[in-house]
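The lines below spell out each chain.
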Amino acid sequence: MFETWELLWLQNYWWGIVSLLGGFLAMMLFVQGGQALIPLIGKNETDKTLLYNVFGRKWELGFTTLVLFGGAIFAAFPLFYAVSFGGAYAAWMTLLFVYIIQAVSYEYRTKKGNVYGAKIFEIFLSINGYLAPFLIGVIISTMFSGSPFILDNDKLAHWIMPTRGLEALSVPFNVLGGICVLLISRILGMLYILNSVKEAEILRITEKKRQSEIVVTLVFLASYAVWIFSVLGADILQGKVVIESNRYFHTFMNHPISVSVPFVIGLLLFLFGGFRGKETGFWFAASGAVLTVFALLLSTGIGGAPFYPSYVDLSSSLTTANSSASRYTLMVMGYVSLFVPVVLGYIAYVWYSMARPVTHEEIKNDPFSY
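Residues numbered from 1 in each chain as written. Predicted model: local features only at pLDDT ≥ 70, side-chain atom pairs only at ≥ 80, totals over all residues. Heavy atoms only, no water.

A word on unusual backbone geometry
Cut-off, in case you're wondering: Remark: exposure states derive from per-residue accessible area (1.4 Å probe, protein chains only) relative to the maximum for the residue type, with buried under 20%, exposed over 50%, and partly exposed in between. Segments assigned H or I by DSSP are reported as helices when at least four residues long, segments assigned E as strands when at least two residues long, and all are numbered from the N terminus.
At Arg164, a position not held by glycine, the phi torsion is positive, near 50 degrees. When its relative accessible area of 26% is taken as the criterion, Arg164 is described as partly exposed. Despite not being glycine, Asn246 has its phi angle at roughly 50 degrees, a positive value. As for its placement among the helices and strands, Asn246 is situated in the loop between strand 4 (240-244) and helix 10 (247-254).

See the structure below:
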């Protein structure tokens, strides 16, 4: 099947897969959002332990999605992987570090012989809960605002700033993107608690916080959307990278089926789930988060536009055409991509297997509790 596809089709196909995996990664950040809220919602040690177990049962699925997302970029767009991971490694290493302390914390929080006590690992989980969504939001936003790199004649990347990716924090748009992803993760985390916990006091506190934070989240999301649609952006004109006014607004108008419709439906689903709450609100909001982030990422590179612009040398900007693997690699990887539903199916199976209300009594009798 894939051997009959032209290179352009294969590049667009893989950009779609990367965008979709990015959407699932955003959805799985509900674990981080929930972790950040535990000290605020759990009013005693028993409630906190129950909530750490609620999210501890799902943290591996988020990490699996992160690895799958990075692996897809590495396989399909190796130059993007090299420029971003190799150039902005301070930002990426910080992100990976906060994922490492998450894994360690769930493993050792209640382990016998833990000389540091549970509190230090709870602090680590809070750091992961705040920093992971924020950094992912900042990194995604650089796909709109650009990064400081130059490609030489041999396509070797040279990162101009010595801060190695942390300079993205000096751009207000990137910070706004980080705050938006953090707020989305918190809403999803609260909705997941409403979906999974049956303890009345926890539900009461969570419901009260949800009602106030969804309004704040709506304001920040609207600000981010306005900024994206009004900001200057890099585009391709007669084979050259140029700066265009309202570039992303035009992209949304030119691609109504693949970009605008999923973005609008996704945003509406997320807000509907966020305002609805209850047990089913999580599924509406989670589906909406997947569609919204998918559309945003797809909009950056669709039609051969620069999805990773360089603001120090426009001609070095990365497109799906100049950063992709060879046609043969994309073709072979196209068959490998048919197994992506298997991985997503594994996540769904594990999710279903552990989908039952969590209670204090269950945690007390569980020898493998976190």
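On we go.
Examining the pattern of salt bridges
As a reminder of what qualifies: Whenever Lys or Arg places a side-chain nitrogen within 4 Å of a carboxyl oxygen from Asp or Glu, that contact is recorded as a salt bridge.
For the coordinates displayed, the defined rule picks out 7 salt bridges. Its salt-bridge partner being Lys198, residue Glu279 comes within 2.6 Å of it at the nearest N-O pair. Here the residue Glu279 occupies a position in the loop between helix 11 (256-276) and helix 12 (281-301), and Lys198 occupies one in the loop between helix 8 (172-196) and helix 9 (200-230), the gap between them amounting to 81 residues. Residue classification places Glu279 among the partly exposed residues on the basis of a relative accessible area of 42%. One network of salt bridges, in which partners are shared, links Arg186, Lys209 and Glu213.

Some words on the pairing of strand 3 (residues 233-237)
Spelled out, the test is: Strand pairing requires that DSSP identify at least two bridges connecting the strands.
Bridging between strand 3 and strand 4 involves 5 bridges; their strand directions are antiparallel. What sits directly across from Gly233, in strand 4, is Glu244. In this antiparallel pair of consecutive strands, strand 3 and strand 4, the connection spans 2 residues, and Gln238 shows a positive phi of 55 degrees.

A few points about the packing of helix 1 (residues 7-28) against helix 12
The description of two packed helices rests on the angle between their axes and on the distance between the axes. The test is simple: Axes here refer to lines fitted to C-alpha atoms; in helices the fit is confined to the stretch in contact. Angles between the N-to-C directions go from 0 to 180 degrees. Each crossing gets its hand from how the near helix is turned against the far one by less than a right angle, where anticlockwise is left-handed and clockwise is right-handed. Throughout, a residue-residue contact means that at least one pair of heavy atoms, one from each residue, lies within 4.5 Å. Residue type decides the class: Asp, Glu, Lys and Arg count as charged, Ala, Val, Leu, Ile, Met, Phe, Trp, Tyr, Cys and Pro as nonpolar, and the leftover types, Gly among them, as polar.
Where helix 1 contacts helix 12, the axes come no closer than 7 Å and their chain directions differ by 145 degrees. Note that helix 1 runs across helix 12; the crossing there is right-handed. In this structure, helix 1 uses Trp15, Gly16, Val18, Ser19, Leu20, Gly22, Gly23, Phe24, Ala26 and Met27 to contact helix 12, whose residues at the interface are Ala286, Ala289, Val290, Val293, Phe294, Leu297, Leu298, Thr300 and Gly301. Of the residues contributing to the contact of helix 1 with helix 12, the split by class is 13 nonpolar, 6 polar and no charged.

Some words on the nonpolar core
How we decide: By nonpolar core we mean a set of buried residues, namely Ala, Val, Leu, Ile, Met, Phe, Trp, Tyr and Cys, connected to one another through side-chain atoms within 4.5 Å.
Counting residues in each nonpolar core, the largest one holds 99 residues, and the members touching the most others are Phe30, Phe55, Leu95, Tyr99, Tyr308 and Leu318. Top contributing element to this core by residue count: helix 8, with 12 residues. The contact partners of Phe30, leaving out residues within four places of it in the chain, are Phe55, Lys58, Ser185, Leu188, Gly189, Tyr192, Phe282 and Trp351.

Considering a nonpolar patch on the surface
Applied cut-off: Only residues above 30% relative accessible area that lack a salt bridge enter a patch, with like-charged residues linked at up to 9 Å and the nonpolar side chains Val, Leu, Ile, Met, Phe, Trp and Tyr linked at up to 5 Å. All accessibility values rest on the Shrake-Rupley procedure with a 1.4 Å probe; residue burial counts only the protein chains present in the view.
Together, Met1, Tyr335, Leu338, Phe339 and Val342 line one region of the surface with nonpolar side chains, adding up to about 510 Å² of accessible area. By relative accessible area, which is 31% here, Tyr335 ends up partly exposed.

Quick look at the environment of Ser245
Tracing the chain through its elements places Ser245 in the loop between strand 4 and helix 10. Given the relative accessible area of 43%, Ser245 is considered partly exposed. Considering only alpha carbons, one finds Ser245 and Asp235, 10 residues apart in sequence, at a separation of 9.7 Å. Filtering out sequence-adjacent residues up to four positions away, Ser245 remains in contact with Val231, Leu232 and His250.

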